[in-house]
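Each chain is listed here by its residues.
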Amino acid sequence: MTSLFKKIITIFSLTVILAAGTFAGNTEAASSVASTQIVSSAKSLVGINYRTGGTTKAGFDCSGFVGYVYKQHGVYLPRTAAGMYSTGTSVKKSNLAVGDLVFFNTTGKGVSHVGMYIGSGKFIHASTSKGVRVDKLNDPYYWGSKYVGAKKVAKVAVARK
């Protein structure tokens, strides 16, 4: 019985070690992303045209753009704006931090647009009319009235000055 017990303990221990090792790399990859890196990556794409369903530099839709930027930093998000809205932790508008995702209802049917907060009341997104661009979050002509909410989807480290 002692020999059988040792085998069971050994097998169990190896299983735990292998399982922990499998997930350790994934957790570490997205544990912290510098906000300056995220914003820099996003801003480098300003001017790229809008493309429905686009997820590459050949053209982006809103969620394709956000997903592309985060993927460059090891953070994988759902494909759609609504999917992204269903993840992460809610953030009050007054507590937005650089790198938080901001969501809008542009169709009258719930969350339909996503962008990334870049600070100073601005967000970057893939606009259907002008491609990747920066706009004011509280724009009284359009975005201000379409705002739905915000989510923190990764541990984004704000750079210290």
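Just so you know, these numbers come straight off a predicted model, no measurement behind them.

A.B. asks: Quick one: what's the story with the nonpolar core, residue by residue and with numbers?
C.D. replies: The biggest cluster of nonpolar side chains holds 29 residues, and the ones touching the most others in it are F65, Y70 and L101. Broken down by secondary-structure element, the contributors of at least two residues to this core are α2 (35–43), α3 (62–71), α4 (81–85), β5 (101–104), β6 (113–119) and β7 (122–127). Sequence-distant contacts of F65, that is, excluding residues within four places in its chain, are made with A42, L45, G54, F60, I124, H125, A126 and V132.

A.B. asks: Which residues make up the environment of D135, and what values go with them?
C.D. replies: Take D135: it is sitting in strand β8 (residues 131–136). Here D135 falls in the buried class, since its relative accessible area comes to 13%. As a C-alpha pair, D135 and F123 span 12 residues in sequence and 5.6 Å in three-dimensional space. Excluding its chain neighbours within four sequence positions, the residues that come into contact with D135 are G121, K122, F123, H125 and W143. Of note is the side chain of D135, whose polar atom sits 2.7 Å from the side chain of H125.

A.B. asks: Which residues make up α2, and what values go with them?
C.D. replies: Here α2 has its buried residues at S35, I38, V39, S41 and A42. Buried residues of α2, seen end-on, are gathered within an arc of 160° and therefore sit on one face of the element.

A.B. asks: Give me the packing of aromatic side chains: which residues, what numbers.
C.D. replies: The geometry of an aromatic ring pair is captured by the separation of the ring centres together with the interplanar angle, meaning the angle of the planes. Enumeration over the complete set of coordinates arrives at eight aromatic pairs. A ring pair is formed by F104 and W143, whose centres lie 4.9 Å apart and whose planes are at 65°; its orientation type is edge-to-face. One end of the pair, F104, is in strand β5; the other, W143, is in helix α5 (residues 143–146), and 39 residues separate them in sequence. Summarising the burial analysis for this pair, F104 and W143 share the class buried. Ring centres of Y142 and W143 lie 4.8 Å apart, and the angle between their planes is 90°; on these two criteria the pair is classed as edge-to-face. Above the plane of the ring of Y147 lies K93, whose end atom (NZ or CZ) is 4.3 Å from the centre. K151 extends its terminal NZ or CZ atom over the ring of Y85, reaching a point 4.9 Å from the ring centre.

Parameters and conventions
- Residues numbered from 1 in each chain as written.
- Predicted model: local features only at pLDDT ≥ 70, side-chain atom pairs only at ≥ 80, totals over all residues.
- Heavy atoms only, no water.
- Core = buried A, V, L, I, M, F, W, Y, C linked by side-chain atoms within 4.5 Å.
- Buried < 20%, exposed > 50% of the residue type's maximum accessible area, 1.4 Å probe, protein only.
- Helix = DSSP H or I, 4+ residues; strand = E, 2+ residues; numbered from the N terminus.
- Contact = heavy atoms within 4.5 Å.
- Polar contact = N/O pair within 3.5 Å; in protein donor to acceptor, adjacent residues only side chain to side chain.
- Arc of directions from axis to C-beta.
- Phe/Tyr/Trp six-rings, centres within 6.5 Å; stacked < 30°, edge-to-face > 60°.
- Lys NZ or Arg CZ within 6 Å of the ring centre and 35° of its normal.

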